[in-house]
Every structure is written in C-alpha cells, then in structure tokens.
Amino acid sequence: MLSLRLAAITIPLAFGAATPAAADACDALTARMIRATGASLAGREGSRAVFRAADAERMSLDCRVRRMAFSALEREPPRRYYALIGLAAEALTGAKPEAVEALALALHQDALVTGQPQQGIAGRAALRCETAPDADPFASPRTRCVLVPSARVGLRRRAGLPAGARAG
C-alpha cells in the first residue's frame, strides 16, 4: 500500500506536473507578460502559455525555462513586431526594451541577408531570430525569434562581478 502511495506522488513529478509554487510563479509571469505587451492569453497548459497579439501571429512562453518565442507570418514583419519583443524582454529579463528591439531588428536583417539564424545579446536578454527561405512562399511562420535570459550576465552576477566587467 505504501508503494502505491509513493507511486501516486512520484509519477506526476516525473512527468513534469507543476507544483503549486511553480504554477503560481508561472501565473505571475504570464500576468506580467500580459501587462507589459498588451497581448491576450490564448491558452495555458502546465508551464506553457500562448498569447495572441496584434503585432505577432503567436507568442508562447515556457515558464520552466523562461523562454519566449515570437512568430510572424510575414518574412519582413512591421516594426511593431520588434517593439513587442523589446517589451517582453523587459518583463522577462529586465533588459532595456529599446536595446532588445534594436537587436531583434538587426538580427532579423542579418538573417534575411545570410539565410541563416542569427543570435545576439542585449544586456540581460539573449535573442535568436530566423526567417523562412524566400524560395518557400508557403513556409509558416515566415519569421521567428526566441528570447531567453542571457547566461553571460547571470554568470557574472554569481561571480560578484559587475555586468560590464571583463574576465582576466
């Protein structure tokens, strides 16, 4: 009987069931994203939330790894798409929204030119952007950017170094 109780407790944990504390943290992060970006919640399951916004086809948040993905149907989305990424970056990482917006635009332009995904860091935010090949007009989404907290800043903070310090 004890083994059945133990199995009932460990099986949900093994399959990633959210603890009440994790669910509360994800609720708070989801609400922060809604306030910061003006997006509306389209759905939520476990540690993942999906949003709808006027400036992006889809926004999805994975609370467990603090990652946000932005998709646009256009190969060259309007400037508001990049502003949305900047606003979300400020809410997710504390990065300056203008810097992340500029980085997202630059990465996207570089991805258009090279045909390869591009990545970069702006303060506390790390970003990777890619575009669908121009030769494939049916690819969807046409533009995708993924935002995560920058590991570089986190490592410096843990070491007790200021964000601008250089190694050595």
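All of these numbers come straight from a predicted model, not from anything done at the bench.

J.: What am I meant to see in the overall build of the protein chain here?
T.: On a plain count of helices and strands, the protein chain comes out with five helices and seven strands. Secondary structure elements of the protein chain occur, N-terminal to C-terminal, as α-α-β-β-β-β-α-α-β-β-β-α. Within the protein chain, the fraction of its 168 residues that count as buried is 37%. Considering only intrachain contacts with a sequence separation of at least 6, the fraction spanning at least 24 residues in the protein chain is 42%.

J.: Any chance you could explain unusual backbone geometry here in plain terms?
T.: Both trends apply: most residues other than glycine have a negative phi, and most peptide bonds are in trans. Unusually for a residue other than glycine, Arg 66 sits at a positive phi of about 55°. Take Arg 66: it is sitting in the loop between strand E3 (56–62) and strand E4 (67–72). The exposure class assigned to Arg 66 is partly exposed, which follows from its relative accessible area of 31%.

J.: I keep staring at the packing of helix H2 (residues 20–37) against helix H3 (residues 79–93) and nothing clicks. Help me out?
T.: Any two packed helices are characterised by the angle at which their axes cross and by the distance between the axes. Running from N to C, H2 and H3 cross one another at 140°; their axes reach a closest spacing of 9 Å. Here H2 lies oblique to H3, going by the angle between them. Two packed elements cross with a definite hand, and for H2 against H3 that hand is right-handed. Contacts from Leu 29, Arg 32, Met 33, Ala 36 and Thr 37 of H2 reach H3 at Leu 84, Leu 87, Ala 88, Ala 91 and Leu 92. The residue makeup of the contact of H2 with H3, split by class, is eight nonpolar, one polar and one charged.

J.: Help me understand the state of the cysteines, please; the structure alone is not making it clear to me.
T.: A covalent bond between the sulfur atoms of two cysteines is referred to as a disulfide. A full pass over the atoms with the stated rule returns two disulfides. The disulfide that involves Cys 26 links it to Cys 63, with 2.0 Å between the sulfurs. Here the S-S torsion is close to 65°, and the disulfide linking Cys 26 with Cys 63 is therefore right-handed. Taken together, the residues Cys 26 in helix H2 and Cys 63 in the loop between E3 and E4 connect sequence positions 37 residues apart. With its disulfide-bonded cysteines labelled consecutively along the sequence, the protein chain is connected as 1-2, 3-4.

J.: Looking at this model, I keep getting lost on the pairing of strand E6 (residues 125–131). Mind explaining?
T.: In regular strands, side chains alternate between the two faces of the sheet. Among the seven residues that make up E6, five are buried, leaving the element largely enclosed by the rest of the structure. Bridge count for strand E5 (residues 118–122) against E6 is five bridges, and the pairing is antiparallel. Considered in E6, the bridge of Ile 121 is made with Ala 126. Hairpin connection between E5 and E6: a loop of two residues separates the two successive antiparallel strands, and Gly 123 in this loop has a positive phi of roughly 65°. Looking at chain direction, E6 and strand E7 (residues 143–149) are connected through seven bridges and run antiparallel. Bridging from a neighbouring strand, Thr 131 pairs with Thr 143 of E7.

J.: Honestly, H3 in this entry has me stumped. Any pointers?
T.: Structural remark: α-helix, 3.6 residues per turn; residues separated by three or four positions point the same way. Taking 1.5 Å per residue as the helical rise, H3 with its 15 residues ought to reach 21 Å, and the 21 Å between its terminal C-alpha atoms agrees with that figure. Two residues or fewer after H3 comes Gly 94, characterised by a positive phi angle close to 85°.

J.: What's the story with the pairing of strand E2 (residues 48–53) in this structure? I'm lost.
T.: Bridging between strand E1 (residues 40–45) and E2 involves five bridges; their strand directions are antiparallel. By the bridge assignment for E2, Arg 44 is matched with Ala 49. Counted between consecutive antiparallel strands, the loop separating E1 from E2 contains two residues, among which Gly 46 sits at a positive phi close to 60°. The pairing of E2 with E3 spans five bridges and is antiparallel. Opposite Phe 51, over in E3, you have Met 59 as the bridge partner. The antiparallel hairpin formed by E2 and E3 contains two residues in its connecting segment.

Rules of the game
- Residues numbered from 1 in each chain as written.
- Predicted model: local features only at pLDDT ≥ 70, side-chain atom pairs only at ≥ 80, totals over all residues.
- Heavy atoms only, no water.
- Helix = DSSP H or I, 4+ residues; strand = E, 2+ residues; numbered from the N terminus.
- Buried < 20%, exposed > 50% of the residue type's maximum accessible area, 1.4 Å probe, protein only.
- Contact = heavy atoms within 4.5 Å.
- Axes fitted to C-alpha atoms, helices over the stretch in contact; angles between N-to-C directions.
- Parallel < 35°, antiparallel > 145°, perpendicular 65-115°, else oblique.
- Left-handed = near helix turned anticlockwise from the far one by under 90°.
- Nonpolar A, V, L, I, M, F, W, Y, C, P; charged D, E, K, R; others polar.
- Disulfide = S-S within 2.5 Å.
- Pairing = 2+ DSSP bridges.
- Expected span 1.5 Å × (residues − 1).

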